[in-house]
Amino acid sequence: MKFGKLTNWKKRHAMFQSANSISGAAAGADAPATPLRSQPLSLEGVSKRFGTITALESLSLDVRAGELVALLGPSGCGKTTTLRLIAGFDYPDTGAIRIAGRDVTNVPSNKRGLGMVFQNYSLFPHLTVAENIAFGLRMAGVPKRDRAPHVARMLDLIRLPGFGDRRIAQMSGGQQQRVALARAIVTNPSVLLLDEPLGALDKNLREGMQFELKSLQHKLGITSVMVTHDQEEALTMSDRVVVMNQGRILQSGTPRDVYDRPRTRFVAEFLGAANILPFSVARGEQGWLDIAVGAPHGDARVTCRVAHALPAPLGAGASGELAVRPEKLRFGAPRDGEIAFDGVIQARVFRGSQHAYRVDVPSLKQTFSVYEQSNSTAALEPGHAVSVSIGQDDLVVLEAEPNERDGATR
Amino acid sequence: MNTLANPLRAAPRRRFWISPRVVLCAPALIVLALFFGMPLYENALRSVGISAIPGAHSAFTLSYYHKLFTDPYYVGIIFETLKMSIWTTFWCLIAGYPVAYFMVRRAGRMAGPLLFVLIMPLLTSIIMRTFGWSVLLGRHGLVNNALMLLGAIEQPLRMTQGPAIVYVGNVHVMVSFMVLSIIPVLRSVDPRLEESARALGAGALRAFLLVTLPLSVDGIITGCLIVFMIINGSFIGALLLGGGSVVTLPLLIFQQFSQAQDMGFASAMGNLLLIVVLICLYVQGRLTGHHAETRA
């Protein structure tokens, strides 16, 4: 038993040594860093209940090696539960979790080879910066003298050389954030978990850290799962966004894809602002629909043809909803392939890079939200009559929301 | 000429002006001075043979202290007292920490009722609580009677003899203080710190020993010193449960005052206990203060 443990230590120690030499060589040659140990992660039909509340319902998710996936959703959507299950702080009721192909469903947290950055960093206040970073190495049985070079390498990596002897309380929020990251990746984990990693930083710092974290993650090639309720953070940082609500995955795809082609109204509205327009179908085919925009029996109806990615096309007479992003709306007469609505500007807000307008559209009995680049046109004043044009290709046909889960959230 | 410029400054009524702070503190200060300060002062004088009462016999002497620190019997009692306090403190810590940990981390909705259960005995007199043990463990107590009825024993066990029961009684009386000192500190330790230690590869025990325990050390120090100081100055356990098997300094003081009427010697011993308490307070200030500094 004891012997087995010792060999295990040696093995792990050797792993750290080689990790060190690889990254050292890569940095020396200034070559693109070799991904050290990218491993896939998968969740298969994972469910979790807390008492009568279903936190997760048969959730399946595959994270490719080296990929950064952001779980995005409102509070209580199950994203944090998912992360805690991956971390091993809670165990799923059903389903399996695999890291690098190994079933870790019932493996305790400390034996999963994870790195984790917590929302408030969870740095140990009674230890120095260096001791915090070295904690994982210490747990892995790396002798004290061998920890120092790893810690120094990490401090360089997070651009805080010489800060090793500082107390945690002496560090600023951004610095603590970087220390937390260093502590999480020094052991060269197969999976990095980030729980609202930038949530505690102020806005300016957050933007800088988004780039920094992303490039570091990319350089190290660590498979990462990030939890956030900040849609901008999810879009900026991740390779793939997974939008969740009520314990289910609603949509998963590249940030661009999920933002531009939201599948449901919830996704459209959660990922930034969206104008939702009703429509009814005149003719439906696989791939496209001829529709009339507006309430089914409204007066002014605008017809057009839109592409769709619905699982089954809607038949004639069916109705549904379209989503269009405020920045895709344009003031001015319609061009080819555009539809237009007459409206009156109700309010305007200057937001630096953009003007945000609220436009009353009487024919739809609706208010549009329109973003215009602030340098492109002169600002229009409230009361001004305008024509709002929308490209047909920018209209996204939404799927009906999945039925409210039967008795799941009560 | 500046004094003339500001007539308010020269207002005559300012001369009799007393800070409202002093007024508010006055009742407490007067009570403390009369019933705490004065007796302490008199006690200190009496221990060196000087009487504060005018006309009484007064002669400076260090003989009481000399007797206390050189007579092997009394030196033994001093050590017995310290040993008793230290062991009681130790067992309170061993018994109390898990309870505090459970209440903060695991009890959930049960924490409220449990806290009530913990505080309730404190509302009972310390004498009642201590005496309860001799009712339970006495020659014809509950435990002996039950064992006799079950036929497990033929003769009542002598459980009330010897120091063990004094320790049991003392730990029982004091453990709440330990738990109540540790709970608030433990509550301020973020449970996610332990989780992050787990994620970094620490087993449950190591995560506790390396993270939660060092961060709750303030509560441990405070609890230990409270228990130590109270037990160091308490004679109830030794008096009611010891049956003469445990003689500690406070018990001796009680006897000197009430039976031997040797006021001077009792005062000297009382002052020794006071000094021990003052040292404890100093140690607490240093230890917890230092810790807070490094954290801030």
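Small disclaimer: the values here were computed from a predicted structure and weren't measured.

Undergrad: Residues and numbers for the pairing of strand S9 (residues 240-245) of chain A, please.
TA: All names here are of chain A. In terms of burial, S9 is largely enclosed, as 5 of its 6 residues are buried. Relative to S9, strand S3 (residues 68-72) runs parallel, the two sharing 4 bridges. Along S9, the bridge assignment pairs Val69 with Arg240. Pairing analysis gives 5 bridges linking S9 to strand S10 (residues 248-253), with the strands arranged antiparallel. Looking across to S10, one finds that Met244 is bridged to Ile249.

Undergrad: Account for the sheet that holds S10 of chain A, with residues named and values stated.
TA: All names here are of chain A. Read from one edge of the open sheet, 6 strands run S6-S7-S8-S3-S9-S10, paired in mixed fashion. Strand pairing shows two members of the sheet lacking a second neighbour, strand S6 (114-117) and S10, which therefore form its edges. Here the strands of the sheet are splayed against their neighbours by 20° on average, with no regard to which way each runs. Pairing of S3 with strand S8 (residues 223-228) involves 5 bridges; the strand directions are parallel. Counted as the bridge partner of Leu72 is Thr228 from S8.

Undergrad: An account of the pairing of strand S4 (residues 94-99) of chain A is needed here, citing residue identities and associated values.
TA: Residue and element names in this part refer to chain A. As defined by bridge partners, strand S1 (residues 41-50) adjoins S4 across 5 bridges and the pair is classed as antiparallel. By the bridge assignment, Leu43 is partnered in S4 with Ile97. Pairing of S4 with strand S5 (residues 102-103) involves 2 bridges; the strand directions are antiparallel. From the neighbouring strand, Ile99 faces S5, where its bridge partner is Arg102. Between S4 and S5, which follow one another and run antiparallel, lie 2 residues, and Ala100 among them has a positive phi close to 55°.

Undergrad: Explain the packing of helix H5 (residues 173-185) of chain A against helix H6 (residues 203-220) of chain A residue by residue, including any values.
TA: Residue and element names in this part refer to chain A. One way to put it is that H5 packs onto H6 with a least axis distance of 11 Å and a crossing angle of 15°. As the angle between them shows, H5 and H6 are arranged roughly parallel. Once H5 is placed against H6, the crossing between them reads as right-handed. Residues Gly173, Gly174, Gln177, Leu181 and Ile185 of H5 form the contact with H6, whose participating residues are Leu205, Met209, Leu213 and Leu220. Looking at the contact of H5 with H6, its residues break down into 6 nonpolar, 3 polar and no charged.

Undergrad: Could you give me a rundown of the environment of Gly201 of chain B, with the residues and numbers involved?
TA: Relative to the helices and strands, Gly201 of chain B is located in the loop between helix H9 (191-199) and helix H10 (204-215). Spatially, the C-alpha atoms of Gly201 of chain B and Gly285 of chain B are 35 Å apart, while their sequence positions differ by 84 residues. Discounting residues that sit within four places of it in the chain, Gly201 of chain B has contacts with Asn110, Gly136, Met139, Ala140 and Thr187 of chain A.

Undergrad: Please give an account of the nonpolar core that cites residues and values.
TA: One finds Leu71, Leu193, Val225, Val242 and Val243 of chain A to be the most contacted residues of the largest nonpolar core, which totals 153 residues. No other element matches the 14 residues that helix H8 (residues 163-187) of chain B contributes to this core.

Undergrad: Go over the environment of Ile291 of chain A, please, and point to the residues and values.
TA: Residue and element names in this part refer to chain A. You can see Ile291 is positioned in strand S12 (residues 288-293). Look at Ile291 and you get buried, because 29 C-beta atoms sit within 10 Å. Sequence-wise, Ile291 and Gly317 are 26 residues apart; in three dimensions their C-alpha atoms are separated by 9.4 Å. In this structure, Ile291 is in contact with Phe279, Ser280, Val281, Ala282, Thr303, Cys304 and Val306, ignoring residues within four places of it in sequence.

Rules and cut-offs
Residues numbered from 1 in each chain as written. Chains lettered and ligands numbered in written order. Predicted model: local features only at pLDDT ≥ 70, side-chain atom pairs only at ≥ 80, totals over all residues. Buried ≥ 20, exposed ≤ 12 C-beta atoms within 10 Å, placed from the backbone. Helix = DSSP H or I, 4+ residues; strand = E, 2+ residues; numbered from the N terminus. Pairing = 2+ DSSP bridges. Axes fitted to C-alpha atoms, helices over the stretch in contact; angles between N-to-C directions. Parallel < 35°, antiparallel > 145°, perpendicular 65-115°, else oblique. Left-handed = near helix turned anticlockwise from the far one by under 90°. Contact = placed C-beta atoms within 7 Å. Nonpolar A, V, L, I, M, F, W, Y, C, P; charged D, E, K, R; others polar. Core = buried A, V, L, I, M, F, W, Y, C linked by C-beta atoms within 7 Å.

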